[in-house]
Each structure stands twice: as C-alpha cells, then as structure tokens.
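Here is how the chains run, residue by residue.
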Amino acid sequence: MKRPNVVLIVMDAVRARNLSIYGYEEKTTPMLESILHDFMLYRNAISSSCWTLPSHASTFTGTYTSKHRVVVDGDILDCSFKTMAEVLRATGYATTAVCRNPYVSGFSGLNRGFDLFYDFRYPSIKSTLWRLLLSKRQGVAHVTLPTLKKRESNEHASAREQNFIHERILENLQEFGLFKKTTWFLKGFFDKHARSIDTLAFRSIERFRRRPFFLFLHYGEAHIPYVIPRRFRDKFLTFKSTRKPWEVNQDHRKYYFGKVEMTESDFRVLEALYNGAISYLDKRIYGIYSFLQRKELLDDTLLIITSDHGENLGDHGILFHHFCLYDSLIRIPLLIKYPAIVNGDKKLCGTEERVVQNVDLLATIVDILGMKEKSLVTQVQGNSLVTSNIKNRDYSYAISELMEPFRPALRALKNKLKRYDRRLITIRTRNKKFIHSSDGSHEFYDLEKDPKETNNLINSGDSCILELKEKLRPWLKAFNNFYNKRKQKIEERIKTEHIEAHVKNRLKEMGYF
C-alpha cells in the first residue's frame with residue numbers, strides 16, 4: 001500500500017463559530033467553501049484544552065492533558081510519549097514543521113521527530129516597523145531614547161535583545177495618537193509570517209515529493225495582536241464604531257489590569273479584525289491546497305485543517321483564550337481531505353455530525369497506515385475517524401480539561417480574579433454540556449437552545465445532568481489524581497530567568513508573559 005503524505009495545518013486561536021463554512025453570517029471562508037467537496041467537515045470538533053500548549057501536546061500524542069502532563073509554561077513532553085512526527089519519521093517519512101509559536105518548539109519538547117523545524121527566530125513585525133520608523137534617517141534623528149542608547153553602547157548586547165528593546169519602545173510610542181495611526185497604516189503591508197510559511201511549505205513539498213512527507217504548518221494571524229494585509233484587515237470593518245480601529249485595545253493584560261475600558265463596540269471591532277485574519281488564512285490555506293493539486297499530490301495526501309483552540313472576544317466578559325471551557329474556546333474547525341486509498345473508490349467527504357476531537361487525529365493516521373505497534377496503540381486515547389479499529393471513547397461525547405487558568409501574565413491578579421481560580425473539566429455531547437468546576441460552581445447548558453452558553457441550567461433538574469456526570473466520573477478521577485500529584489508544580493510561579501530570551505520575548509509579544 002502506498003503511504004499517503006500527511007499535511008497538518010493549524011490555525012492558532014480560530015473558533016468554528018466564525019467560519020462561514022460552519023454557518024457564520026460573514027463570508028470569512030469563501031475559498032474553503034469552493035473546495036469543500038473534497039473534504040469531510042466535522043461539525044462537532046472539540047479541542048481537549050483551551051490554549052496552545054496542552055492542545056498541541058494532545059494533537060501530537062493522541063492523549064488528554066491529564067495523561068500527557070504538559071500543562072504549564074516550562075513543562076516538557078516526557079520521552080515516553082511518541083509524537084506524530086516521531087511516529088511518521090520512524091516509518092520513513094520526511095518530517096518538516098513551520099511554526100513560530102514557542103509553545104510548539106524545543107521549549108515544550110513538541111519539536112521532537114521533525115527533520116526540519118523552521119521557527120522564525122528573526123525579527124518580528126514590530127522590529128521591522130522600528131527599523132522603518134526610527135532608523136537614523138533624516139527627519140527622525142532627533143528622537144531621544146536614553147535607554148536604547150545605553151543598551152546600544154554595550155558591544156556585547158545581542159541582536160535579539162536589541163529587537164526586544166525596539167519592540168518595547170515602539171509599544172510605548174504607540175500610545176500617542178498620530179504614531180498609533182502611522183503604525184496601524186504600516187502594519188497593513190505585512191502579515192505575521194503566513195507568506196513565509198507558504199513559501200517554506202512549497203519548498204518542502206518540492207524537496208520531499210518523491211517520498212512520503214509529513215508537513216506541519218502553524219499560522220498565527222488569528223492570534224492577538226492581529227497583523228494582516230490591509231485588504232483583509234478592513235474587509236469586515238463596515239460599521240461605525242465609537243473608536244477608530246487602531247485605538248481599540250488588543251491587549252488582554254491592559255484589560256484585566258484596568259488600564260483600559262472596553263465597550264461592546266470595541267469588542268465588535270476586535271471580532272471584525274479577527275474575521276479579517278480568518279479570511280486571510282482562508283486564502284493562504286487555499287494556496288497550499290492548490291499547490292498540492294498542481295503538483296499532482298492531492299490524491300495521495302491526507303490534508304487536515306484545524307485549530308488548537310478558539311478565542312474569547314468579550315464572550316462572558318472574557319478577552320483572550322483562558323479562564324473557561326465554553327464553546328468559544330473549545331469548539332474548533334476540522335476539515336479532512338482523505339487520500340484516495342481510504343474508503344476504496346468511494347470518496348470520503350461530506351458532513352460528519354459525530355463528536356470528534358483533536359486527540360483523534362493521531363489515532364486516525366495510525367489506522368490509515370495500518371500500524372499495529374502495541375505501545376503506540378495503547379498510548380492514544382482518541383478514536384480513529386475512518387474505522388472502528390481504534391476506539392477509546394464513546395463517539396457521543398468529548399472531554400476538555402483546564403488545569404491551571406492563569407498564565408504568567410495574569411498571575412498577579414489571582415486574588416482580584418478569584419472567580420476564575422479553579423480547575424475545569426467538561427463533557428460535551430452534540431447538544432448538551434456539563435462543566436465540572438473544582439470550586440463547586442458547576443454549569444450545564446442546552447447547546448441547541450443556547451449555543452452561546454448564557455443560561456446555566458445546573459439547577460433545572462434535567463435528567464441529562466446526572467447522565468453526563470456519570471460518564472464524566474472516570475475522566476474526573478484521572479483529572480483529580482493528576483492534579484493532586486502535580487499540584488505544587490502546576491501552581492508554582494515559573495522562573496522566567498530559566499527561559500531563553502527569544503522564547504520569553506515572543507511569549508510576551510503574544511500576551512502570555
């Protein structure tokens with residue numbers, strides 16, 4: 001049997017709700033709609049977690065957070081777990097990753113198994129703008145920056161440190177109206193890295209096309225802060241708002257520390273920018289599909305398009321992807337174009353209503369490849385999406401876990417935001433959802449009548465509550481056992497001095513530190 005190529009595309013922070021292929025009223029994904037006939041669209045795809053680190057560990061290992069134990073900053077995947085890349089490389093695949101997110105790198109051990117790993121350690125968009133705006137050219141030489149000059153006088157200062165200094169100064173200068181508007185204008189000529197990701201993807205496909213290859217692509221354009229070309233950025237800003245888009249806060253740290261107030265209009269602007277980012281990724285991902293098609297590789301490729309988690313844009317009063325397990329964070333898009341070898345002559349495409357998860361992807365790949373290695377089959381907790389050969393969870397429900405709600409950036413606000421200081425585990429069916437909270441504030445929602453989860457029915461006496469609690473029982477036991485064993489590690493403050501400067505700087509740029 002010819003082994004298919006595997007292309008895994010992850011759009012960071014993209015929730016299913018905002019994709020037009022999932023019924024969203026704005027046309028955010030017209031290009032994906034045009035090729036949907038080749039894909040299986042999973043309407044009820046649920047992430048195992050609400051943020052990047054544990055979610056990617058689940059995707060790569062086929063296990064839930066309480067098993068893979070990659071929970072907080074500084075956690076590294078144990079070598080006893082085989083990653084998707086390791087599994088495929090061991091069977092002769094060329095493995096390549098293109099990803100700038102530090103949580104999917106050597107920082108977490110999730111780079112294991114890749115022959116090539118492009119992580120974009122060159123200057124960020126802010127550093128690029130710094131060079132454009134504040135370089136020593138006529139008209140700007142008068143800018144006084146004592147801190148920067150002091151650092152520049154140190155001949156041993158590294159380029160990365162200088163880039164970080166530039167970014168912090170640029171952030172401060174952006175508080176001034178004219179400068180803020182200027183940087184907004186200039187950012188409209190850039191994206192974060194999507195163009196470069198596509199270029200590297202095309203190069204990798206060309207290089208390895210004569211043997212089976214695994215290509216992992218991670219796009220960060222839909223992750224705050226939004227940096228996308230102006231045509232897409234302005235696409236959904238078709239309404240009047242109380243503030244100009246460049247004046248609307250995108251930093252959740254400022255929001256929670258009380259430095260800015262945000263109105264309903266502000267959140268609407270944020271969602272419009274978010275939709276623009278999704279629309280831009282729609283174009284970029286279509287480019288990958290088209291390239292595979294032109295190279296006559298599409299029929300022999302398992303092409304997976306998904307996300308690691310969603311986003312809160314004022315939902316439940318929350319900004320950013322933390323504090324909750326509502327569908328705004330855990331319901332993700334999942335489209336799979338299966339290779340021709342799957343299901344014989346009948347193309348596997350259409351719409352699937354079953355409840356599926358990111359932990360099912362590795363099990364599906366293992367099943368398609370016919371791998372029988374006992375240690376691998378016993379490792380995965382997911383189900384195969386193509387046969388019943390690998391089944392570890394009832395297809396009627398999904399499990400999601402949140403072990404530690406506070407990232408380092410907001411640890412100082414634990415007392416102020418005490419209502420969020422609890423552990424969550426949820427069990428979700430197609431129409432019902434029960435959220436177990438360690439502080440006893442459990443929740444139950446009828447998703448058919450209340451898709452945005454605004455009406456908690458925990459005291460309604462609905463018979464589904466007891467049924468879901470019973471199904472959750474073994475998962476809750478494993479969840480609590482893991483937490484009790486690792487409580488000190490999970491709750492302790494990470495020592496940032498132990499983190500490499502370029503990793504720390506990028507995590508600050510993304511809002512995690």
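You'll find the structure just up there.
The present account deals with the structure reproduced in this document. (Residues numbered from 1 in each chain as written. Predicted model: local features only at pLDDT ≥ 70, side-chain atom pairs only at ≥ 80, totals over all residues. Heavy atoms only, no water.)

## Remarks on the nonpolar core
Counting 130 residues, the largest nonpolar core has Phe-214, Phe-216 and Tyr-338 as the members making the most contacts within it. In terms of residues, this core owes the most to one element, helix α12 (residues 264-294), which gives 14 residues. Those residues within four positions of Phe-216 in sequence are excluded, and the remaining contacts are Leu-8, Val-10, His-56, Phe-60, Thr-96, Ala-97, Val-98, Cys-99, Val-104 and Phe-114. Within the second largest apolar cluster, 20 residues are counted, among which are Tyr-64, Tyr-397, Ile-427 and Trp-475. (Core = buried A, V, L, I, M, F, W, Y, C linked by side-chain atoms within 4.5 Å. Buried < 20%, exposed > 50% of the residue type's maximum accessible area, 1.4 Å probe, protein only. Helix = DSSP H or I, 4+ residues; strand = E, 2+ residues; numbered from the N terminus. Contact = heavy atoms within 4.5 Å.)

## Notes on the sheet that holds strand β1 (residues 5-11)
Judged by pairing direction, the sheet is mixed, and its eight strands sit side by side in the order β4-β3-β5-β1-β6-β7-β2-β8 without closing on themselves. Both outer strands of the open sheet, β4 (116-118) and β8 (350-357), are each paired with one neighbouring strand and no more. Strand-to-strand twist in this sheet, taken as the mean axis angle between neighbours without regard to direction, amounts to 15°. As defined by bridge partners, strand β3 (residues 94-98) adjoins strand β5 (residues 213-219) across five bridges and the pair is classed as parallel. (Pairing = 2+ DSSP bridges. Axes fitted to C-alpha atoms, helices over the stretch in contact; angles between N-to-C directions.)

## Topic: the pattern of salt bridges
Under the counting rule described, the total for this entry stands at 30 salt bridges. In this structure, the salt-bridge partner of Arg-486 is Asp-75, at a minimum N-O distance of 3.2 Å. Placement of the pair is Arg-486 in helix α16 (residues 463-491) and Asp-75 in the loop between α3 (65-68) and α4 (84-90), with a sequence separation of 411 residues. With a shortest N-O distance of 3.1 Å, Arg-112 and Glu-86 are connected by a salt bridge. (Salt bridge = Lys/Arg side-chain N within 4 Å of Asp/Glu carboxyl O.)

## A closer look at the sheet that holds strand β12 (residues 443-446)
Ordered in space as β9-β10-β11-β12, the four strands form an open sheet in which the pairing is antiparallel. For this open sheet the edge positions go to β9 (398-402) and β12, each flanked by a neighbour on one side alone. Put simply, the sheet's adjacent strands are angled 15° from each other on average, direction ignored. Note: strand β11 (residues 432-437) against β12, four bridges, orientation antiparallel. In the strand pairing of β12, Phe-434 is matched with Phe-444.

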